[in-house]
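Examining the three-dimensional arrangement
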Amino acid sequence: MSKRNRSIAGTIFDAANIIFLTACALAAVLPFVYVVAGSFASDAELTSRAVFFIPESLTLDAYKFIFSTDTIMQSIGVSVYVTVIGTAVNLFFTVTMAYALARRGLWGRNFVLNLVIFSMLFGGGMIPTYLVVRGLHLLDSLWSLMLPGAISAFNLIIVKNFFQEIPKEIEDAGRIDGCTELGLLGRIVLPLSMPVLATFTLFYAVGHWNDFFGALLYINDPQKWPLQVMLRQIVLLSQAAAGDMNSMDPSFVAPPDQSIKMAVIVVGTIPILCVYPFLQKHFAKGVLLGSVKG
Amino acid sequence: MKQAIERGKPPQAAGEAAYRPSLAIRLRRDKWLYLLLLPGLLYFALFKYVPMWGILLAFKNYQPFTGFWKSEWVGLEHFRLFFANPEFFLLLQNTLILSFLNLVFFFPAPIVLALLLNEVRRALFKRVVQTMIYIPHFISMVIVASLTYVFLTTEGGPVNELLLQHTGEKIAFLSDPDWFRPIILLQTIWKECGWGTIIFLAALSAVDVEQYEAATIDGANRWKQIWHITLPAIRSTIVILLILRMGSVLDNGFEQIYLMLNPLNRSAAEVFDTYVYAMGITQGAFSYSTAVGLFKSVVGIILVLGTNWLAKKFGESGLY
């Protein structure tokens, strides 16, 4: 321990600081713990105990109920589809454009870069973009959730800067060995950029999974609603039925409203919590990359 | 030599400088690169620049069946209507109050949290806390709103159950306009405060530890070290974030407000973004809502440039 830690005031400060930070960390995760606990709890327990983190009796009724119809499964299917295909679309558009813009000698490069940067400062806004999507007949098509955000200008510039920093000599060696421009991208540049691309894959994927705005604007057909929209219908508006009592066993007692809602929240959160460890490994790097000027 | 030009080095000899491939040769040489550029270029043209062109709708009277080109020009009519509408003041007031609360209570929070984290000497504890406080950033706004509903509902929500036990009455947090702003602020702090520390911690990791040691020898206590070493190290980051924040004073985060908005708390909750949605998408008043959106973006740009100018005036480096 360094000297500046020895005073009494310093010790008190350190103790208070650790307590405060522990409280912050708990505040970030306890809501989830409570919701998970609540989703497994029985009706009696939810009404008798206001706050608890470990239910006394576990029941799967809420989950059985929400998966008794296809509503939730179908919206999960839509979300998975949009996340997988949408992320692939993001990567394709971002990588191809970034690779071309990384070449300093390219004629017109500065003009295109300025177009990209200007689009970060100013945009058409909600309604003109909506009219473009409508004009392309993409309303109620899942493409409307993938194409309008195919490139994040910010990510594009970071990937471009990364490509630019790959030593010229490696690319030259590839060229001498007879690589075409596309071969160079596929065999040399992409393998070298895997860590960066992994970061953006995760960020794009989380963005798709969490997207609500796109579906709210462009998707009216309930059959095509992603999970986030369905969540809102069930939890916030109490409008969509999460399950169907008629399909259950006659002895099945309807689970309380609260635990059904909690179970739906858990279903919507788990995928994010599953990828979080991988995200965490990458994002510090990603954010630091963002601060590199180019 | 070709590469010397590409890397921006000055040519060494006049004779070599004269060698530069003609445009036609360069275009042919880079044809594959242009092919790769094409999808991205199309994307920006279609989804970024066509909508910018579409802003002209704000000055027309767009009718879906007449189309963009044939709709008649009306000049500033939509703006005049909007400013004359009593709703305008409600929207302006709600938007500005939310932004002001955000600036005063949310903006400094990650800075304080980063400073406190920076004072922690146990690396493992620091890492565990960081891991936990970053999680909410990755949770969707719908989940955040859902959690809020589940916690605060009067029908069996834990907060109201506790209130009932201790005070004997419940509070309708979700529909009371007075509670709207505190809830929004709390959501924002919970979701983004931890994540917001990342950029400051990155700046702080560049500070030389020897500076603290030297300060200790000179008799500076912890507080003085924070004030004279730590804070100056993140000052430029704070200024840049403040400039960016000013640009979005009229943006309150559409998803969050929209999810928490309901007819009962509308008097405190309706802001420019939600109004544009309600007018444009729900009611089909495309030209009018484009005008409202344009008003918002223009004010945003003026505020960014203004803050940037002010920051430079006070000797900071600014954004541009």
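Predicted model only: the values in this text are computed from it and were never measured.

Here's the deal with the overall build of chain A
Broken down by element type, chain A carries 13 helices and 0 strands. Start at the N end of chain A and walk to the C end: the helices and strands fall as α-α-α-α-α-α-α-α-α-α-α-α-α. Relative to its length of 294 residues, chain A is extended, with a C-alpha radius of gyration of 25 Å against a globular reference of 19 Å. Projected onto its principal axes, the C-alpha coordinates of chain A cover approximately 75 × 70 × 40 Å. Here chain A displays about 13,600 Å² of accessible surface, and carbon together with sulfur accounts for 67% of that area. Across chain A, the centroid of the 19 positively charged side chains sits 15 Å from that of the 18 negatively charged ones.

Brief notes about the UniProt feature "domain: ABC transmembrane type-1" (unreviewed entry) in chain B
In the numbering used here, UniProt assigns the feature "domain: ABC transmembrane type-1" (unreviewed entry) to residues 92-307 of chain B. Spanning residues 92-307 of chain B, this segment combines 77% helix with 0% strand, and its end C-alpha atoms are found 20 Å apart.

Here we look at the pattern of salt bridges
Tallied over the entire structure, the rule returns 15 salt bridges over all chains. Taking the shortest distance from any N to any O, the salt bridge between Glu-181 of chain A and Arg-175 of chain A comes out at 3.9 Å. According to the relative accessible area criterion, Glu-181 of chain A is buried, its value standing at 12%. Two residues, Glu-270 of chain B and Arg-266 of chain B, come together in a salt bridge whose shortest N-O distance is 2.6 Å. On the basis of relative accessible area, Glu-270 of chain B is assigned to the buried category, the value being 5%. In this structure Arg-266 of chain B comes out as partly exposed when scored by relative accessible area, which is 27%. A single network of salt bridges, built from pairs that share partners, joins Arg-103, Glu-171, Asp-172, Arg-175 and Glu-181 of chain A.

Thoughts on the nonpolar core
Met-97 and Phe-163 of chain A together with Phe-82 of chain B are the most contacted members of the largest nonpolar core, which has 173 residues in total. With 12 residues, the top contributor of residues to this core is helix 4 (residues 70-101) of chain A.

What about the UniProt feature "transmembrane region" (unreviewed entry) in chain B?
Residue and element names in this part refer to chain B. On the UniProt side, "transmembrane region" (unreviewed entry) is annotated at positions that read residues 32-59, 96-117, 129-152, 226-244 and 285-311 here. The span residues 32-59 is 82% helix and 0% strand, and its two end C-alpha atoms sit 41 Å from each other. For residues 96-117, the end-to-end C-alpha separation is 31 Å, with 95% helix and 0% strand making up the annotated structure.

Digging into the confidence of the model for chain B
With 93% of its residues at a pLDDT of 70 or more, chain B shows a mean pLDDT of 87. Taken together, the chains of this predicted complex give a pTM of 0.87 and an interface ipTM of 0.88.

Focus: unusual backbone geometry
Residues and elements named next belong to chain A. With a phi angle near 60°, His-137 is a residue other than glycine that sits in the positive phi range. Residue placement: His-137 occurs in the loop between helix 6 (126-135) and helix 7 (153-164). Not every positive phi belongs to a glycine, and Asp-140 is a case in point at roughly 65°. Topologically, Asp-140 is positioned in the loop between helix 6 and helix 7.

Re the interface of chain A and chain B
Interface size is commonly expressed as the accessible surface area that is lost when the partners come together. Every contact between the two is made by 96 residues of chain A and, on the other side, 89 residues of chain B. Summed over both partners, the interface of chain A with chain B comes to about 8,300 Å²; 76% of that surface belongs to carbon and sulfur atoms. The interface formed by chain A and chain B includes 1 salt bridge. One salt bridge connects Asp-14 of chain A with Arg-222 of chain B, and the closest N-O pair in it is separated by 2.7 Å. Linking chain A to chain B there are 16 residue pairs in polar contact (both at pLDDT 80 or more).

Structural notes on the UniProt feature "transmembrane region" (unreviewed entry) in chain A
All names here are of chain A. What UniProt calls "transmembrane region" (unreviewed entry) maps, in this numbering, to residues 12-37, 78-99, 111-133, 145-163, 184-206 and 260-279. Between the first and last C-alpha atoms of residues 12-37 the distance is 35 Å; the span itself is 100% helix and 0% strand. For the annotated span residues 111-133, helix accounts for 83% and strand for 0% of the residues, and the straight-line distance between the end C-alpha atoms is 26 Å.

Looking at the confidence of the model for chain A
Residues and elements named next belong to chain A. Put simply, chain A has an average pLDDT of 86, and 90% of its residues get 70 or more. Segment residues 1-5 is flagged for pLDDT under 50; beyond a separation of four residues in sequence, or across chains, it makes 13 contacts in the model. With pLDDT under 50 throughout, residues 290-294 is counted as low confidence; its partners more than four residues away or in other chains account for 5 contacts.

Some words on the domain arrangement of chain A
Residues and elements named next belong to chain A. By the assigned domains, chain A splits into domain 1 (3-48) and domain 2 (61-289). Here the C-alpha centroids of domain 1 and domain 2 sit 32 Å apart. With 10 residues of domain 1 in contact, the opposing surface of domain 2 contributes 10 residues. At the boundary of domain 1 and domain 2, one finds 0 salt bridges. For the pair domain 1 and domain 2, the interface holds 1 residue pair in polar contact (both at pLDDT 80 or more). Put simply, the parts of the chain that give the side of domain 1 that touches domain 2 at least two residues each are helix 1 (8-40) and helix 2 (43-48). Split into classes, the residues belonging to the side of domain 1 that touches domain 2 amount to 7 nonpolar, 2 polar and 1 charged.

Observations concerning a nonpolar patch on the surface
A surface patch of nonpolar side chains, about 420 Å² in accessible area, is lined by Val-33, Val-51, Phe-53 and Ile-54 of chain A together with Leu-162 of chain B. Here Val-51 of chain A lies in the loop between helix 2 and helix 3 (61-66).

With respect to the packing of helix 6 of chain A against helix 17 (residues 272-282) of chain B
One way to put it is that helix 6 of chain A packs onto helix 17 of chain B with a least axis distance of 10 Å and a crossing angle of 40°. Our pair here, helix 6 of chain A against helix 17 of chain B, has a crossing hand that is right-handed. Contacts between helix 6 of chain A and helix 17 of chain B pair Met-126, Ile-127 and Tyr-130 of chain A from the former with Asp-273, Val-276, Tyr-277, Gly-280 and Ile-281 of chain B from the latter. Residues that form the contact of helix 6 of chain A with helix 17 of chain B fall into these classes: 6 nonpolar, 1 polar and 1 charged.

Thresholds applied
Residues numbered from 1 in each chain as written. Chains lettered and ligands numbered in written order. Predicted model: local features only at pLDDT ≥ 70, side-chain atom pairs only at ≥ 80, totals over all residues. Heavy atoms only, no water. Helix = DSSP H or I, 4+ residues; strand = E, 2+ residues; numbered from the N terminus. Rg over C-alpha atoms; globule rule 2.2 N^0.38 Å. Areas by Shrake-Rupley, 256 points an atom, 1.4 Å probe, with all protein chains shown as cover. Lys, Arg positive; Asp, Glu negative; His and termini not counted. Charge placed at Lys NZ, Arg CZ, Asp CG, Glu CD. UniProt positions renumbered as here; feature names shortened; annotations may be inferred. Salt bridge = Lys/Arg side-chain N within 4 Å of Asp/Glu carboxyl O. Buried < 20%, exposed > 50% of the residue type's maximum accessible area, 1.4 Å probe, protein only. Core = buried A, V, L, I, M, F, W, Y, C linked by side-chain atoms within 4.5 Å. pLDDT = per-residue confidence, 0-100. Contact = heavy atoms within 4.5 Å. Buried area = accessible area lost by both parts, 1.4 Å probe. Polar contact = N/O pair within 3.5 Å; in protein donor to acceptor, adjacent residues only side chain to side chain. Domains from an automatic or database assignment. Nonpolar A, V, L, I, M, F, W, Y, C, P; charged D, E, K, R; others polar. Patch = residues over 30% accessible without salt bridge, like charges linked within 9 Å, V, L, I, M, F, W, Y side chains within 5 Å. Axes fitted to C-alpha atoms, helices over the stretch in contact; angles between N-to-C directions. Left-handed = near helix turned anticlockwise from the far one by under 90°.

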